[in-house]
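# Commentary on secondary and tertiary structure
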Amino acid sequence: MTAQKQIYKCNICGNMVEVIHTGKGELVCCGQPMELLQEKAADAGLEKHVPVVETTDKGIKVKVGDVPHPMEEKHFIEWIEVITNGGGCRQFLQPGNKPEAEFEIGVQKVVAREYCNIHGLWKSS
Ligand SMILES: [Fe+2]
């Protein structure tokens, strides 16, 4: 059984999907079950991944992380999203961008998630 907002990845072709409606079935890609990505919330290594959420005049700014994460061709933050009670929104990033995103939303209480192409899925605590 899936759950809303879960993110699954195919470890063969790299497809990633987010669940927007739950179902009983198993998600399969390239002939094998997709991996449910676990949200990590505590940094252990040198690079920092836990999203840092700040309020701004426009809304919410999310930085990855408390020391800026690399944004190189081989290692970068692919996207940052904020999750609110009513849904949420996501911004996609490219190598060379700053590892941060600003969301013009009126909600002050959010959970932020981000995906590093090497180190996986992270969320704010
Ligand atoms: Fe990383």
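Notes on the structure in this doc start here. These numbers come from a predicted model, not from an experiment. (Residues numbered from 1 in each chain as written. Predicted model: local features only at pLDDT ≥ 70, side-chain atom pairs only at ≥ 80, totals over all residues. Heavy atoms only, no water.)

### Some thoughts on the coordination of the iron ion
Each donor-metal-donor angle in an ideal tetrahedron of four donors is 109.5 degrees, and each such angle in an ideal octahedron of six donors is either 90 or 180 degrees. For the iron ion, every protein donor is listed as His49 (NE2), His69 (NE2), His75 (NE2), Cys116 (SG) and His119 (ND1), and the spread of their distances is 2.1 to 2.4 Å. Look at His49 and you get buried, because its relative accessible area is 2%. (Donors = N, O, S within 2.8 Å, 3.2 Å for Na, K, Ca; no water. Buried < 20%, exposed > 50% of the residue type's maximum accessible area, 1.4 Å probe, protein only.)

### Some words on the packing of aromatic side chains
Going through the model one piece at a time under the given rule, you end up with one aromatic pair. Ring geometry for Trp79 against Tyr115: centres 6.1 Å apart, planes inclined by 15°, an arrangement best described as stacked. Residue Trp79 is found in strand 8 (residues 77-84), and its partner Tyr115 is found in strand 11 (residues 111-116); the two are separated by 36 residues along the sequence. Like Trp79, the residue Tyr115 is buried in the burial classification. Above the face of the Trp79 ring, Arg90 is positioned so that its terminal group lies 4.3 Å from the ring centre. (Phe/Tyr/Trp six-rings, centres within 6.5 Å; stacked < 30°, edge-to-face > 60°. Helix = DSSP H or I, 4+ residues; strand = E, 2+ residues; numbered from the N terminus. Lys NZ or Arg CZ within 6 Å of the ring centre and 35° of its normal.)

### Quick look at unusual backbone geometry
With an omega of -20°, the peptide bond between Val64 and Gly65 qualifies as cis. As for its placement among the helices and strands, Gly65 is situated in the loop between strand 7 (60-64) and strand 8. The backbone of Lys5 shows a phi angle near 80°, a positive value even though the residue is not glycine. Relative to the assigned elements, Lys5 resides in the segment before strand 1 (7-9). Note on Lys5: relative accessible area 25%, which makes it partly exposed. In this structure, Cys30 is a non-glycine residue whose phi angle is positive, near 50°. Within the secondary structure, Cys30 is located in the loop between strand 3 (28-29) and strand 4 (32-33).

### Regarding the pairing of strand 8
The buried fraction of strand 8 is high, at seven of eight residues. Summarising the sheet, strand 8 and strand 11 pair through six bridges and their orientation is antiparallel. In the strand pairing of strand 11, Ile83 is matched with Val111. For strand 8 and strand 9 (residues 87-92), the ladder comprises six bridges, and the chain directions are antiparallel. By the bridge assignment, Val82 is partnered in strand 9 with Cys89. A loop of two residues connects strand 8 with strand 9, the two strands running antiparallel in sequence. (Pairing = 2+ DSSP bridges.)

### A closer look at the sheet that holds strand 5 (residues 35-36)
The strand order 2-1-5 describes an open sheet built from three strands, whose pairing is antiparallel. Here the strands that pair on one side only, and so sit at the sheet edges, are strand 2 (16-18) and strand 5. Strand direction decides the pairing type here: strand 1 and strand 2, joined by three bridges, are antiparallel. Counted as the bridge partner of Ile7 is Glu18 from strand 2.

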